[in-house]
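Below are the chains, spelled out letter by letter.
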Amino acid sequence: MSSLVYILNGPNLNLLGRRQPEIYGYDTMDDVERNCREVAGAFGLQIRFLQSNHEGELIDWIHEAREDAGGIVINPAAFSHTAIALLDALNTFEGPVVEVHISQIHKRESFRHQSYVSLRADAVMAGLGVNGYPLAVRHMGHLIGSV
Ligand code: DQA
């Protein structure tokens, strides 16, 4: 199994650290990527860390992951609650999928309680802040890592 993990981030997460910090905190996507790379290295994983505000681009990356990745960590952001096409794309991927939400979506507005992606995800992290990402990578390490 490939030791490459795609870490995909959906809309508005490029503004992490500046966007509603009372909910999402002050760490930026660069901080998150750095923490993920550290954990990935310890587990013998490579990562491809990507963010897009466009559903189709995320879907294209999932299709690429079919070719070369062992696992996908994804924070679909608001697309979690709306995007059946993202679910369909993830259903074409054969390796493990871990869904991450920085906030505890079940404690928030009712429209955030449902995630289409959760119908595919093998594990879901919500409410651990940005720490959810390195923990998700760590879990990938157990599933597909070489250490
Ligand atoms: C989020 C939760 C979503 O409901 C929201 O639309 C986001 C971020 C999270 O990480 O907590 O953009 O996925």
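The residue numbers shown here count from 1 along each chain, following its written sequence. The predicted nature of this model means local features are confined to residues of pLDDT at least 70 and side-chain atom pairs, given and counted, to a pLDDT of 80 or more, with totals for whole chains, interfaces and linings taken over all residues. Note that the side-chain values use all heavy atoms of the structure and ignore hydrogens as well as water.

**Description of the environment of Asp88**
Threshold: In DSSP terms, a helix is any run of H or I states spanning at least four residues, a strand is any run of E spanning at least two, and both are numbered starting from the N terminus.
Among the secondary structure elements, Asp88 is positioned in helix H4 (residues 84–90). Along the chain, Asp88 and Ser115 lie 27 residues apart, while their C-alpha atoms are 13 Å from each other.

**Regarding unusual backbone geometry**
Rules: A simple rule labels every residue: compare its accessible area, found with a 1.4 Å probe on the protein chains alone, to the largest value its type can have, and call it buried under 20%, exposed over 50%, or partly exposed in between.
The backbone of Asn12 sits at a positive phi, close to 75 degrees, despite the residue not being glycine. As for its position among the elements, Asn12 is in the loop between strand S1 (4–9) and helix H1 (21–24). Residue Asn12 is classed as partly exposed on the basis of its relative accessible area, which comes to 36%. The phi dihedral of Ala77 falls on the positive side, at around 50 degrees, and the residue is not glycine. Tracing the backbone shows Ala77 in the loop between strand S3 (71–75) and H4.

**Examining the site of the ligand**
Basically, it comes down to this: Consider each residue's heavy atoms; a residue with any of them within 4 Å of a molecule or strand counts as near. Whenever a nitrogen or oxygen atom comes within 3.5 Å of another N or O atom, the pair is scored as a polar contact, on the condition that within protein one atom can donate a hydrogen and the other can accept it, and that pairs from neighbouring residues in sequence are kept only if both atoms are in side chains. Note that accessible areas follow from Shrake-Rupley with a 1.4 Å probe, and for residues the cover is restricted to the protein chains shown. Cavity: a set of points on a 1 Å grid over the protein atoms alone where a 1.4 Å probe fits but cannot get out. Pocket: an open set with protein on both sides within 12 Å along at least five of seven lines, its lining residues, like those of a cavity, having an atom within 4 Å of a point. Grid points define the cavity or pocket, and a molecule sits in it when more than half of its atoms lie within 2 Å of them.
Taken together, Arg19, Tyr24, Asn75, Ala77, Ala78, His81, His101, Ile102, Ser103, Ile105 and Arg112 form the complete shell of residues around the ligand. With respect to the ligand, the backbone of Ala78 contributes an N or O atom lying 3.2 Å from an oxygen atom. Expressed as a share of its isolated accessible area of 320 Å², the protein-covered part of the ligand is 99%. Among the cavities detected, the one that contains the ligand is the largest pocket.

**Looking at the layout of surface pockets**
Left-over empty space is what a probe sized like a water molecule reveals as it rolls over the atoms. To keep things clear, this is the line we draw: Grid points are joined across faces, edges and corners, and a volume is the space filled by probe spheres set on the points. Under the grouping applied here, Gly and all other residues not named as nonpolar or charged are polar, the nonpolar ones being Ala, Val, Leu, Ile, Met, Phe, Trp, Tyr, Cys and Pro and the charged ones Asp, Glu, Lys and Arg.
The calculated volume of the largest pocket comes to roughly 160 Å³. Lining the largest pocket are 14 residues, with Tyr24, Ala77, Ala78, Arg108 and Arg112 positioned closest to its centre. Partitioned by chemical class, the residues of the lining of the largest pocket number six nonpolar, five polar and three charged.

None of this, on its own, says anything about what the molecule does.
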